[in-house]
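The primary structure of each chain is shown beneath.
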Amino acid sequence: MSKVIGIDLGTTNSCVAVLEALEPRVLANREGSRTTPSIVAFAEDGDRLVGHIAKRQAVTNAQNTVFAVKRLIGRKHKDPQVQRALDLLPYTLDSAANGDVQVRIRDRSYSPQEISAFVLAEIKNFVEETLGEEISQAIITVPAYFDDSQRQATRDAGKIAGLDVQRIINEPTAAALAYGFQTNRAGDGDSEGEDEDSQIIAVYDLGGGTFDISILELSKGLFEVRATAGDSYLGGEDFDQRIMDWLIEEFENETGISLRDDTMALQRLKEAAEKAKCELSTAEDAAINLPFISANENGPCHLSRTLTRKHFEDLVRELVERTEGPCFEALDAAGLDPVEIDEVLLVGGQTRSPIVANAVEKIFGREPNREINPDEVVAIGAAIQGSIIQGDIKDIVLLDVTPLSIGVETHGGLFTPLISRNATVPTKNTQVFTTVIDNQDTVEVHVLQGEREIAKENRSLARFELVGIPQAPRGVPQIEVTFAIDSNGIVNVSARDLASNQQQSIEVNPSSGLSSDEVDRMVQEAKQHSQQDAKRREVRRIKNRLEGLIYSNERVFEQLQKDMSSDDQKRVTQVFMRSRMALNEDEQAELEAAIFDLNAVAQKLSQVMLERANADR
């Protein structure tokens, strides 16, 4: 049986893990990094770049480099959160015919599901290379506060990438699963007594784009989510933006130049802001230097500032305070006081900021647990869930909850929930409705998700009609509506007229998700281009190696050329020239020949270096 990988598909970075002999293993990508930037770029020559290679070229190709797409997946173009993103993103957003948000790159539009699928496909490819076997099954995590549309869209992304998504699970739940699994293994046979077997933990998950808080009870292999809350548009990207806004304002005050419409400058600012933010997790100040960021009539303008931790915390304090409300909301829903929490886990890279850890300690009255890696724990938990599904782990049961109420629109435009928020899944509920018009023979079932009492204020998931109802006065027909949510959090709805036994059902494929035909088309496109993509990826990998060799050899040559004969200098210079010309080609043989020549140059330079060292003795 093939392995089931666990994927944390993050806003900023993604991570993948697998269980081998019941030991979690985080898998490094081709660059040797244990996390992969969730970034996709489209080069001018048609190459599609994913991960670190996409991030490195973002400054010079910002309009065709897509990041933070997780914030767009499963959303409509008119969504207020999407409209807010329009002014912040360097790439262009479009609206599809059905209102879905799309990313516009040159002459083609991509759904957020497709962009996410490119990241997932890259992960799938390097995992297969690492493990030496084909991988087809995966567990993918999502923020606990993702609604059904966003969960469906994430599942679609996995399918497009060639993955059979066994389960969609919540990120905080996955983190708790990893924590409980590793804690139990470390403490096997060490504890006795019933009190020590039960533990209430809170998982505070502040990642690149989303915030979740989940309260779980761990007891003798049972992982039960008691409550969850959060904000699906709050994360590290917003922290970066606060720093960027400050830098833009400071620069404009100094020079009179606004950088808000300069795409390349904004990308440089974003990278500098993220770097400074990370530095301030351990340092008291961070230097931000961006030479030649713009120009005016007096010549080039440079941006140079020092951001102190105190100033940074002042900039982001309101964002951190926004996490308090959901925390107390989750505690209230779980029927718990902060003092009843046994452990608080920090998940997501943004929790490394001291201001965040201090806020968590203030909310829960205890210092959070810092023993787990916030970047990797979610992927590890997903991999553990994969082993549970496969039957390799038999002593763990996971009970999750639905993040939002789900129900139907009723007379007067009201919302009637059938499954309440924080109900344990899988779950099912049935309620009987009737008609509001005499001789009504058709009933429209409008499925919604949310917490507002007015239907239009909630998220529309699907509509379908129950037809063939026997004509009768209003109030007489009895229409039984059943809602069921499976272990993935996916909704199934059925309606049945009790008199005629006419029935109609639907697995909710939200209007913001791709149709099955669209998904199938994208899957076929991916298969058709897989060999071409693999060839391009290999050429790109060789080019990267060649670029590195040119750079390193040229630097050494600058230091040693005065110790070389004029003929040797000429030969080495010609190799550099041919190597740079080869970078403009896509023929693998030419690239490998250039690498061979550069390796010979490296040997010659090493010989010269040795001769110089001997001469200096």
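Residues numbered from 1 in each chain as written. Predicted model: local features only at pLDDT ≥ 70, side-chain atom pairs only at ≥ 80, totals over all residues. Heavy atoms only, no water.

**Q** Describe the sheet that holds strand S9 (residues 101-105), listing the residues and the values that go with them.
**A** Backbone hydrogen bonds are what pair the strands of a sheet, in a parallel or an antiparallel way. The strand order S8-S9-S10 describes an open sheet built from three strands, whose pairing is antiparallel. For this open sheet the edge positions go to strand S8 (92-95) and strand S10 (108-110), each flanked by a neighbour on one side alone. Strand after strand, the sheet turns through a mean of 45° between neighbouring axes, direction not considered. For S9 and S10, the ladder comprises three bridges, and the chain directions are antiparallel. Paired with isoleucine 105 across the strands is arginine 108, a residue of S10. This element, helix H3 (residues 112-131), spans S9 and S10 of the sheet and lies at about 75° to S10. (Pairing = 2+ DSSP bridges. Helix = DSSP H or I, 4+ residues; strand = E, 2+ residues; numbered from the N terminus. Axes fitted to C-alpha atoms, helices over the stretch in contact; angles between N-to-C directions. Contact = heavy atoms within 4.5 Å.)

**Q** Could you give an account of the sheet that holds strand S13 (residues 198-206), naming the residues involved and the relevant values?
**A** The sheet built from six strands is open, its strands ordered S18-S13-S14-S15-S19-S22 with mixed pairing. Where the open sheet ends on each side, the last strands, each with one partner, are strand S18 (343-347) and strand S22 (424-425). Here strand S15 (residues 222-231) pairs with strand S19 (residues 397-401) via three bridges, running parallel. Counted as the bridge partner of leucine 222 is valine 397 from S19. Taken strand by strand, helix H9 (residues 324-334) contacts S13, strand S14 (211-219) and S15, and its axis lies near 140° from that of S15.

**Q** Give me the lowdown on the confidence of the model for the protein, citing residues and values where you can.
**A** Predicted confidence across the protein gives a mean pLDDT of 88, with 94% of residues reaching 70 or more. In the model, residues 189-195 has pLDDT below 50 throughout and makes three contacts with residues more than four positions away in sequence or in other chains. (pLDDT = per-residue confidence, 0-100.)

**Q** So, the side chain of lysine 70: which residues are in play, and what are the values?
**A** Mapped onto the secondary structure, lysine 70 falls in the loop between strand S7 (65-66) and helix H2 (80-86). At 2.6 Å, the side chain of lysine 70 and the side chain of glutamate 171 are in polar contact. Residues contacting lysine 70, with those up to four places away along its chain left out, are Leu9, Gly10, Thr11, Pro143, Phe146 and Glu171. (Polar contact = N/O pair within 3.5 Å; in protein donor to acceptor, adjacent residues only side chain to side chain.)

**Q** Tell me about the pattern of salt bridges, and name the residues and values.
**A** In this structure the tally under the stated criterion is 37 salt bridges. A salt bridge links glutamate 133 to lysine 3, with the shortest nitrogen-to-oxygen separation between them at 2.9 Å. You can see glutamate 133 sitting in the loop between H3 and strand S11 (137-142) and its partner lysine 3 sitting in the segment before strand S1 (4-8), a full 130 residues away along the chain. On the basis of relative accessibility, which here comes to 26%, the residue glutamate 133 falls in the partly exposed class. Between aspartate 245 and arginine 260 there is a salt bridge, and its shortest N-O distance comes to 3.4 Å. On the criterion of sequence distance, the pair formed by aspartate 245 in helix H6 (residues 236-255) and arginine 260 in the loop between H6 and helix H7 (263-279) is long-range, its members being 15 residues apart. In this structure arginine 260 comes out as partly exposed when scored by relative accessible area, which is 42%. Connected via shared salt-bridge partners are Glu237, Asp240, Lys270 and Lys277. (Salt bridge = Lys/Arg side-chain N within 4 Å of Asp/Glu carboxyl O. Buried < 20%, exposed > 50% of the residue type's maximum accessible area, 1.4 Å probe, protein only.)

**Q** Tell me what's going on with the pairing of S11, and back it up with residues and numbers.
**A** Among the six residues that make up S11, six are buried, leaving the element largely enclosed by the rest of the structure. Taking every second residue as pointing to the same face, both faces of S11 are buried, with Gln137, Ile139 and Thr141 on one and Ala138, Ile140 and Val142 on the other. Inspection of the sheet shows S1 paired to S11 by five bridges, in the parallel sense. Bridged to isoleucine 7 within S11 is isoleucine 140. Direction of pairing for S11 relative to strand S12 (residues 164-170): parallel, over a ladder of six bridges. Across the sheet, isoleucine 140 pairs through a bridge with isoleucine 168, a residue of S12. For the segment spanning S11, helix H4 (residues 148-160) and S12, crossover handedness is right-handed. (Right-handed = clockwise from strand over helix to strand, strands pointing away.)

**Q** Go over the pairing of strand S3 (residues 23-26), please, and point to the residues and values.
**A** Here strand S2 (residues 13-20) pairs with S3 via four bridges, running antiparallel. Bridge assignment links valine 18 to a residue of S3, and that residue is arginine 25. Hairpin connection of S2 to S3: two residues between the antiparallel strands, including alanine 21 at a positive phi of 55°.

**Q** Just give me the short version of the packing of H3 against H4, but keep the residues and values in it.
**A** It is at 8 Å that the axes of H3 and H4 come closest, and there the two elements cross at 50°. Here H3 is positioned oblique relative to H4, judged by the angle of their axes. Considering only the axes of H3 and H4, their crossing is right-handed. Every residue of H4 that contacts H3 at Gln113, Ser116, Ala117 and Leu120 is listed here: Ala153, Asp156, Ala157, Gly158 and Ile160. Residues belonging to the contact of H3 with H4 are distributed by class as follows: five nonpolar, three polar and one charged. (Parallel < 35°, antiparallel > 145°, perpendicular 65-115°, else oblique. Left-handed = near helix turned anticlockwise from the far one by under 90°. Nonpolar A, V, L, I, M, F, W, Y, C, P; charged D, E, K, R; others polar.)

**Q** Which residues make up helix H8 (residues 309-321), and what values do they have?
**A** Between its terminal C-alpha atoms H8 stretches 17 Å, which fits the 18 Å expected from 13 residues at 1.5 Å a residue. The largest bend in H8 comes to about 50°, at leucine 315. Of all the residues in H8, the buried ones are Arg309, Phe312, Glu313, Leu315, Val316, Leu319 and Val320. Those residues of H8 that are buried lie in contact with H6, H7, strand S16 (285-296), strand S17 (299-308), H9 and helix H10 (354-364). (Expected span 1.5 Å × (residues − 1). Bend = angle between axes of the 7 residues up to and from the residue.)

**Q** Lay out the nonpolar core with the relevant residues and their values.
**A** The biggest cluster of nonpolar side chains holds 54 residues, and the ones touching the most others in it are Ile7, Leu72 and Val127. Beyond its immediate sequence surroundings of up to four residues, valine 127 is in contact with Ile5, Val16, Leu27, Gly132 and Ile135. Judged by nonpolar contacts, the second largest core, of 52 residues, contains Leu290, Ala330, Leu336 and Val356. (Core = buried A, V, L, I, M, F, W, Y, C linked by side-chain atoms within 4.5 Å.)

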